[in-house]
Amino acid sequence: MVGSKPIKLGSRSTAIEALRGVDLTGKVAVVTGGNSGLGSETIRALATAGADCVLCCRNKKAGQAVAAELQPTVKGKISVQRLDLADLSSIKAAGDALASLPSLDLLVLNAGVMAVRPKQHTKDGFELQFGTNHLGHFYLSSQLLPKMKKQGTPGRVVVLSSSAHGFGRIHIDDLNCERRWYGAWASYGNAKLANLLFVKELARRLQEEGSPVEAFALHPGICHTSIGEHMGGRATVFYCMYKPWLKSAAQGAATTIYAATAPELSGKSGAYLEDCHEAKPWRCARDADMARRLWDKSEELVQAALKKAGLA
Ligand SMILES: NC(=O)c1ccc[n+]([C@@H]2O[C@H](COP(=O)([O-])OP(=O)(O)OC[C@H]3O[C@@H](n4cnc5c(N)ncnc54)[C@H](OP(=O)(O)O)[C@@H]3O)[C@@H](O)[C@H]2O)c1
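In this report, we go over the structure that sits alongside the text. (Residues numbered from 1 in each chain as written. Predicted model: local features only at pLDDT ≥ 70, side-chain atom pairs only at ≥ 80, totals over all residues. Heavy atoms only, no water.)

Here the focus is the environment of Thr261. Its place among the elements puts Thr261 in helix α9 (residues 254–261). Using a relative accessible area of 3% as the deciding quantity, one classes Thr261 as buried. Sequence separation of Thr261 and Ala18 is 243 residues, and the distance between their C-alpha atoms is 8.5 Å. In this structure the side chain of Thr261 is engaged in a polar contact, spanning 2.7 Å, whose partner is the backbone oxygen of Ile257. (Helix = DSSP H or I, 4+ residues; strand = E, 2+ residues; numbered from the N terminus. Buried < 20%, exposed > 50% of the residue type's maximum accessible area, 1.4 Å probe, protein only. Polar contact = N/O pair within 3.5 Å; in protein donor to acceptor, adjacent residues only side chain to side chain.)

As structure tokens, then:
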């Protein structure tokens, strides 16, 4: 990842600007939720810099349409992998398929659902927001990290969190929201806090192992993407009314590209980023002990569900 130029990046920078001339030829990237919003702009930028990208999405046709639109304008090759993060069998199948990639340098865990109401569940019975945004990505990364680590070359895991982690809370003995009130926004905050704690513990583990793979979490800014359009009520009105002041998807993806490519982030694994800069997460996201406990519980939940589904 060489060739960066000293361009000052900020809240209105785009994903292409955030590349700062970086050359990703020969690199391979996997991006979840690549068919829409920030995910497709992330793929556009990574593939513009020469990376071969795997666009993961739950609707393969939608992914193929986006890949066909992007491909003529970019250098890297874009392929499509079906992945439903709300279904462990689909994640297992995707993990098996992605194992045959020649290499894997960048893993961008971008997909997400926001403020789902009423309460819904994944195929394996997890509360949908926690199950998709955190557990689905947790399981996917457990399948792909061994490949990244085995390469022995620098790689990055980039996780899309949100400033909404600030009102999140980890209910360690009821992660699946079975014995407490379900709030659509509260659950989103909890899942986004889980994303951040996942990165904290992953970075710690990678450092302990002496792996050159690094992990970063980020808030992309409030962006005009389809995530805000089908929530209904005041949230939809907010996203539509304030559209001119929100970041575009290309601007929202800038921090992802910064996290994936900035040479100055080397050695800063575990950092949280906003507007293409390091930022301080809320206190709840700095709890190393909770990060460890969440990791262990997530492993327990996923393993039990895999066993139940006959997939272990
Ligand atoms: N936009 C914002 O203001 C904002 C702010 C803070 C954080 N974020 C975070 O940024 C990330 C990207 O969001 P976005 O704004 O680009 O929204 P988006 O356009 O709605 O994209 C979300 C992506 O996640 C995918 N997805 C949802 N459930 C999935 C599942 N079960 N399996 C696989 N993929 C699934 C969606 O697929 P479908 O197209 O099939 O639904 C879509 O590709 C999310 O993690 C979000 O929480 C966004």
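Past the structure itself, the notes keep going.
Within this structure, the stated rule accounts for four aromatic pairs. Both rings, one in Phe138 and one in Trp295, keep their centres 5.1 Å apart while their planes meet at 80 degrees; by these two values the pair is edge-to-face. In this pair, Phe138 is assigned in helix α5 (residues 128–151) and Trp295 in helix α10 (residues 288–308), connecting sequence segments 157 residues apart. Arranged with centres 5.5 Å apart and planes meeting at 15 degrees, the rings of Phe198 and Trp295 form a pair that is stacked. Here Phe198 is found in helix α6 (residues 184–209), whereas its partner Trp295 is found in helix α10, with 97 residues between them in sequence. Residue classification places Trp295 among the buried positions, given a relative accessible area of 10%. Through successive ring pairs, a cluster of aromatic residues spans Phe138, Phe198 and Trp295. (Phe/Tyr/Trp six-rings, centres within 6.5 Å; stacked < 30°, edge-to-face > 60°.)

Residues Ile222, Val237, Phe238, Met241, Tyr242 and Trp245 make up a contiguous nonpolar surface patch of roughly 620 Å² in combined accessible area. Checked against the element boundaries, Ile222 lands in the loop between β6 (213–219) and α7 (233–241). The exposure class of Ile222 is partly exposed, given its relative accessible area of 40%. (Patch = residues over 30% accessible without salt bridge, like charges linked within 9 Å, V, L, I, M, F, W, Y side chains within 5 Å. Areas by Shrake-Rupley, 256 points an atom, 1.4 Å probe, with all protein chains shown as cover. Salt bridge = Lys/Arg side-chain N within 4 Å of Asp/Glu carboxyl O.)

It is worth spelling out the pattern of salt bridges at this point. For the structure on display, the rule yields 13 salt bridges. In this structure, Glu209 and Lys149 form a salt bridge, with 3.0 Å as the shortest nitrogen-oxygen distance. In this pair, Glu209 is assigned in helix α6 and Lys149 in helix α5, connecting sequence segments 60 residues apart. A relative accessible area of 47% means that Glu209 is categorised as partly exposed. Among the ionic pairs, Glu208 bridges to Arg204, the shortest N-O distance being 3.0 Å. In this pair, Glu208 and Arg204 are both assigned in helix α6, four residues apart and thus about one turn of the helix distant. One salt-bridge network, held together by shared partners, links Glu201, Arg204, Arg205, Glu208 and Asp296.

Moving on, we come to the site of the ligand. Around the ligand there are 29 residues in total, and Asn35, Ser36, Arg58, Tyr188 and Thr225 lie nearest to it. The side chain of Asn35 places a nitrogen or oxygen atom 2.6 Å from an oxygen atom of the ligand. Take Tyr188: an N or O atom from its side chain is 2.6 Å from an oxygen atom of the ligand. In isolation the ligand has 890 Å² of accessible area, and contact with the protein removes 93% of it. Of all the secondary-structure elements, those providing two or more residues to the shell around the ligand are α2 (37–48) and α6. (Near = heavy atom within 4 Å.)

Look at the link from Arg117 to Pro118: it is a cis peptide, with omega at 0 degrees. When you line up the elements, Pro118 lands in the loop between β4 (106–109) and α5. We note that Ala115 has phi near 50 degrees; this positive angle belongs to a residue other than glycine. Located in the positive-phi region is Asp275, a residue other than glycine, with phi close to 45 degrees.

It is worth spelling out the sheet that holds strand β5 (residues 155–160) at this point. Overall, mixed pairing links the eight strands, which are arranged β3-β2-β1-β4-β5-β6-β7-β8 in an open sheet. Strands with a single pairing partner mark the edges of an open sheet, and in this sheet they are β3 (78–82) and β8 (277–279). Each adjacent strand pair in this sheet contributes to an overall mean axis angle of 25 degrees, direction not counted. When β4 meets β5, the two strands line up parallel, connected through four bridges. Across the sheet, Leu106 pairs through a bridge with Arg156, a residue of β5. Its contacts with the sheet put α2 on β1 (28–32), β2 (52–57), β3, β4 and β5, and the angle it makes with β1 is roughly 170 degrees. Its contacts with the sheet place helix α4 (residues 88–98) against β1, β2 and β3, and it is angled at close to 145 degrees to β3. (Pairing = 2+ DSSP bridges. Axes fitted to C-alpha atoms, helices over the stretch in contact; angles between N-to-C directions. Contact = heavy atoms within 4.5 Å.)

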